[in-house]
Amino acid sequence: MPPADDVFRAPKGVHDVLPPESARWVDLVARFARRVRRAGYGMVVSPLFEHVEVFERVGEHTDVVAKEMYAFTDKGGRQLALRPEGTAGVVRAYVQHHPTPPWKVWYVAPNFRYERAQKGRYRQHWQVGVEVLGTDDPGADVEVIALLDGFYRDLGLTGVKLLLNSMGDAESRPGYVAALREHLLAHADALGDEFRARVHANPLRVLDAKVEDWQDVIERAPQLTEHLSEASRVHFELVQEGLQALGIDYELAPRLVRGFDYYTSTTFEFQTAALDAAQNAIGGGGRYDGLAEQMGGAPTPGIGFGAGIERVMLALDAQGDAPMLGGLDVFLVDGLGAPGGTESLVLVELLREAGFAADRAFGGRSVKAQWKAADRAGARFGVMLGRDEAARDAVAVKDLFSGEQVEVPRTGLVAWLQARTAGEETTA
Ligand code: HAM
């Protein structure tokens, strides 16, 4: 029996994005697309669902795969799953299509996880992200981290902290995992079955556990960065040098393991002080140098990140000065009162062709109601087609931010608006 949700409401943990909020999404994605394009990334659109094995490669013992995946059998008997994250599908596409490396791609896509729904944690969430396949150059790590850092700056987001760690390579890992397991098992009797089971399955998964009683043991655990191979240590140092050269502040976070088993070498997470600790990650990523091979491809290093759109929006909201993005430039108020008249139709199209975001009311509303609609739309200017002005072949233009009103000849309207908005952000 399904739970007694109202079936004509969105299911628990998912939501609609409606105007005007959706205009901020468009703006956010446009800024992301502009920044990554300047760095040579091409867009990739991968399927919303894949064979379940593709996602199992991200870690069979992770919560995301073991507990939260929307897996199902299709009518042909195939075992499929909705994408819980973006990396696995992109790596599968790389292995399938053999593009020329380095392959630099970006995406904007929804992901599905059966999580405990709360503010900032949803069952469908959206990410913008990048992946770079085919190079293990530490310069690629720095580029990827700098892109995400720059994106937050583009949005005017403040109070963001970058945490950095290295998970080591295949050579570093076994020695560390053995030392960690030994340390954790020495305390397992006191900490119970769940703890012991996790240590046996993958002791790294204990390091990021939030269970209060475990924290003491976790804090005293050996650190991965003390067990790095020579190659991993040098790589990690070069990444840090690169970040310093770009003036990007970071904090070393030896217990940052992140939620997937594919990570090797560099891992990072951006956190905001504006959200509760359990949901304060607004983006994160790292290297996954073994993943392509695990999907049957040639050994191919890779690195990328995903940033949660909803969480970035919440952080902007919490900042209080979130810019009103994507409002209209012009709202046309028809004071001629001729139902079915074509004047406002023609003028609004003229403005749109000139590149302005322009809208109008429908259905012969009163002038008062139309001005209200202009305010509600967050328009920068109201342009009124009134009888008196029409007699002079002019329009009345009101700056809806300052309240100032002037008369402008109709033929000069576009030039007037262009001059007034020069240097301001309009869609023109
Ligand atoms: P992730 O850390 O699981 O990494 O997700 C990336 C970001 O998505 C998080 O930092 C957070 O902002 C957002 N996010 C994750 N889960 C939720 C949720 N339930 N509700 C709202 N927002 C959420 C990945 O997904 C990796 N694929 C990142 C990556 C790319 N690593 C390498 N390449």
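In short, a report on the structure. Values in this document were obtained by computation on a predicted structure and should not be read as measured data. (Residues numbered from 1 in each chain as written. Predicted model: local features only at pLDDT ≥ 70, side-chain atom pairs only at ≥ 80, totals over all residues. Heavy atoms only, no water.)

1. Considering the overall build of the chain
Part 1: Looking only at helices and strands, the chain has 17 helices and 16 strands in total.
Part 2: Oriented by its inertia axes, the alpha-carbon framework of the chain measures out at about 90 × 60 × 45 Å.
Part 3: Within the chain, the fraction of its 428 residues that count as buried is 49%.
Part 4: In the chain, the share of contacts with a sequence separation of at least 24, taken over all contacts with a separation of at least 6, comes to 70%.
Part 5: When the accessible surface of the chain is split by element, carbon and sulfur atoms take 53% of a total near 21,200 Å².
Part 6: Distance between charge centres in the chain, computed from 46 positive and 61 negative side chains, equals 5 Å. (Helix = DSSP H or I, 4+ residues; strand = E, 2+ residues; numbered from the N terminus. Buried < 20%, exposed > 50% of the residue type's maximum accessible area, 1.4 Å probe, protein only. Contact = heavy atoms within 4.5 Å. Areas by Shrake-Rupley, 256 points an atom, 1.4 Å probe, with all protein chains shown as cover. Lys, Arg positive; Asp, Glu negative; His and termini not counted. Charge placed at Lys NZ, Arg CZ, Asp CG, Glu CD.)

2. Quick word on the sheet that holds strand 11 (residues 302–308)
Part 1: One open sheet holds the eight strands; their spatial order is 1-5-6-11-10-9-7-8, and the pairing between them is mixed. Two strands close off the open sheet at either side, each with one partner strand: strand 1 (42–43) and strand 8 (251–252).
Part 2: Set on the sheet, helix 13 (residues 309–319) makes contact with strand 5 (103–112), strand 6 (124–133), strand 9 (264–272), strand 10 (281–287) and strand 11; between it and strand 6 the angle comes to about 110 degrees. (Pairing = 2+ DSSP bridges. Axes fitted to C-alpha atoms, helices over the stretch in contact; angles between N-to-C directions.)

3. Some remarks on the pattern of salt bridges
Once their charged atoms are close, side chains differing in charge can pair, the charge on each being opposite to the other.
Part 1: All chains considered together, the criterion is met by 28 salt bridges.
Part 2: A salt bridge links Lys67 to Asp63, with the nearest nitrogen and oxygen atoms 3.5 Å apart.
Part 3: Residue Lys67 is classed as exposed on the basis of its relative accessible area of 56%.
Part 4: One network of salt bridges, in which partners are shared, links Arg380, Asp399, Glu404 and Arg420. (Salt bridge = Lys/Arg side-chain N within 4 Å of Asp/Glu carboxyl O.)

4. Topic: a nonpolar patch on the surface
Part 1: A cluster of nonpolar residues, Leu48, Phe49 and Phe72, forms a patch on the protein surface that exposes about 260 Å² of accessible area.
Part 2: Take Phe49: it is sitting in strand 2 (residues 49–51). (Patch = residues over 30% accessible without salt bridge, like charges linked within 9 Å, V, L, I, M, F, W, Y side chains within 5 Å.)

5. What about the pairing of strand 7 (residues 160–166)?
Part 1: Here strand 7 lies mainly inside the structure; five of its seven residues are buried.
Part 2: Where strand 7 meets strand 9, seven bridges bridge the pair, whose relative direction is antiparallel. Residue Ser166 lies in a different strand from strand 9, and its bridge partner there is Thr266.
Part 3: When strand 7 meets strand 8, the two strands line up parallel, connected through two bridges. What sits directly across from Leu163, in strand 8, is Glu251.

6. Quick word on the packing of helix 14 (residues 343–353) against helix 17 (residues 413–421)
Part 1: Where helix 14 contacts helix 17, the axes come no closer than 10 Å and their chain directions differ by 45 degrees. In terms of their interaxial angle, helix 14 and helix 17 are classed as oblique. In terms of crossing hand, the pair formed by helix 14 and helix 17 is right-handed. For the pair helix 14 and helix 17, the contacting residues are Leu347, Leu350 and Leu351 in the first and Leu413, Val414 and Leu417 in the second.
Part 2: Of the residues that constitute the contact of helix 14 with helix 17, the class distribution is six nonpolar, no polar and no charged. (Parallel < 35°, antiparallel > 145°, perpendicular 65-115°, else oblique. Left-handed = near helix turned anticlockwise from the far one by under 90°. Nonpolar A, V, L, I, M, F, W, Y, C, P; charged D, E, K, R; others polar.)

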